[in-house]
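Structural overview
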Amino acid sequence: MMMITEIVDTQFADIRLPCAHDGKTIQVSMVPLCAAMHLDSEQELRRIAQDEDLGSHLKPLPYAPPLSGSNALPMGAVALWLHRLAQQTTDVGQRHRLVVLQQEGFATLLDQWSRLLQGNSPDDEVGALKRQFKRMQAQIDAMDISLRQAETFIEREIIRAQLSQLCDFPVGPRSKQSVALDQFWRLVFARITDGAEINHARRSDRFLALNFRHLRNVLGEDDKSVMLTPELRNELKRSRYPHFLGVRVVNSRISRKSLRCWVFNLH
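1. Some details on the overall build of the protein
Tallying secondary structure elements over the protein gives nine helices and eight strands in all. A globule of 267 residues ought to have a C-alpha radius of gyration of about 18 Å, and the protein, at 20 Å, matches this closely. Each of the three principal axes of the protein carries a C-alpha extent, and together these read 60 × 45 × 30 Å. Sorting the 267 residues of the protein into buried and exposed places 47% on the buried side. For the protein, contacts bridging at least 24 residues in sequence account for 63% of all contacts bridging at least 6.

Written as structure tokens, this is what we have:
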């Protein structure tokens, strides 16, 4: 297990960018990225800072000298930024450039950083991380479209909260999953496969929402692995697959009522 506490010159498609790890995800320096795309970096950073979804994620690049002006976005937020640029530009050359960066940039970045953070990672683990990020990109694209189509303030706020979580796509040192957590997920997914109705999320293809009182009723009181003990609570908060998003009130697709659920991203 390794932590990288310095700025790393990182391959992003056919360009190189200063990047750093903030303890949770990879932060990408925006000024050189804007320059490589022939964008006015000062104007673009001002636009990002004013964006309702991207502004809160724009921060100084970790480990950069004070007052250096090295502003950065987490790689998930960069994916959202590139998607929005692609929707706005009418320049054919720029659109092609954006496609290349979206398809190749994050793959090359993850190739380099997964090995830096996790040592000699097997190729299948690196490949799984890249596939996970690609699915997350598709989620961001779909949510951004849904955001533009949302008719109410509440709908927009829910989508924005989900987008914010995806912008902080976690990339970190590999840690061994506890036996208790592994046993819990094996039981939950086995029961879902058998047809048990325990996922309260309306988008059950993307999210897993568990209400533990209902879960115990379905699976049986005698199964201790579904008891929300302090130990299991802490392990679930660190769960990477499914990735923990938070404890939220969910409009249940099962009970048709509002329930307090532990929510996880399946992708």
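2. Quick word on the environment of Ala36
Relative to the assigned elements, Ala36 resides in helix H1 (residues 30-36). A relative accessible area of 23% places Ala36 in the partly exposed class. Distance from Ala36 to Ala107, taken between C-alpha atoms, is 18 Å for residues 71 residues apart in sequence. Residues within four places of Ala36 in sequence aside, it is in contact with Ile15 and Arg97.

3. Remarks on the environment of Lys59
Looking at where Lys59 falls in the secondary structure, it is placed in strand S4 (residues 59-60). Sequence separation of Lys59 and Leu73 is 14 residues, and the distance between their C-alpha atoms is 6.7 Å. Once you skip the residues sitting within four places of it in the chain, Lys59 turns out to touch Ser70, Asn71 and Ala72.

4. A closer look at unusual backbone geometry
The backbone of Ala13 sits at a positive phi, close to 55°, despite the residue not being glycine. Tracing the backbone shows Ala13 in the loop between strand S1 (8-12) and strand S2 (15-21). Positive phi, normally seen in glycine, also occurs at Arg256, with a value near 60°. Mapped onto the fold, Arg256 is located in the loop between strand S7 (243-251) and strand S8 (258-265). On the accessibility criterion, Arg256 (58% relative accessible area) is exposed.

5. Focus on the side chain of Asn211
Summarising the element assignment, Asn211 is placed in the loop between strand S6 (207-210) and helix H8 (212-219). A polar side-chain atom of Asn211 sits 3.0 Å from the main-chain carbonyl oxygen of Arg260. Sequence-distant contacts of Asn211, defined by excluding residues within four places in its chain, comprise His200, Leu259, Arg260 and Cys261.

6. Let's talk about the sheet that holds S6
An order of S6-S8-S7 is seen for the three strands of this open sheet, with the pairing classed as antiparallel. Of all the strands in the sheet, just S6 and S7 have a single pairing partner and so form its edges. With strand direction ignored, the average angle separating the axes of adjacent strands in the sheet is 30°. As defined by bridge partners, S7 adjoins S8 across eight bridges and the pair is classed as antiparallel. What sits directly across from Asn251, in S8, is Ser258. This element, helix H7 (residues 179-193), spans S6 and S8 of the sheet and lies at about 105° to S6. Packing against the sheet, helix H9 (residues 230-237) makes contact with S7 and S8, and its axis sits at approximately 55° to S8.

7. Some remarks on a nonpolar patch on the surface
Together, Phe153, Ile154 and Ile158 make up an exposed nonpolar region whose accessible area comes to about 340 Å². For Ile154, the position within the fold is in helix H6 (residues 153-167).

Conventions and cut-offs
- Residues numbered from 1 in each chain as written.
- Predicted model: local features only at pLDDT ≥ 70, side-chain atom pairs only at ≥ 80, totals over all residues.
- Heavy atoms only, no water.
- Helix = DSSP H or I, 4+ residues; strand = E, 2+ residues; numbered from the N terminus.
- Rg over C-alpha atoms; globule rule 2.2 N^0.38 Å.
- Buried < 20%, exposed > 50% of the residue type's maximum accessible area, 1.4 Å probe, protein only.
- Contact = heavy atoms within 4.5 Å.
- Polar contact = N/O pair within 3.5 Å; in protein donor to acceptor, adjacent residues only side chain to side chain.
- Pairing = 2+ DSSP bridges.
- Axes fitted to C-alpha atoms, helices over the stretch in contact; angles between N-to-C directions.
- Patch = residues over 30% accessible without salt bridge, like charges linked within 9 Å, V, L, I, M, F, W, Y side chains within 5 Å.
- Areas by Shrake-Rupley, 256 points an atom, 1.4 Å probe, with all protein chains shown as cover.
- Salt bridge = Lys/Arg side-chain N within 4 Å of Asp/Glu carboxyl O.

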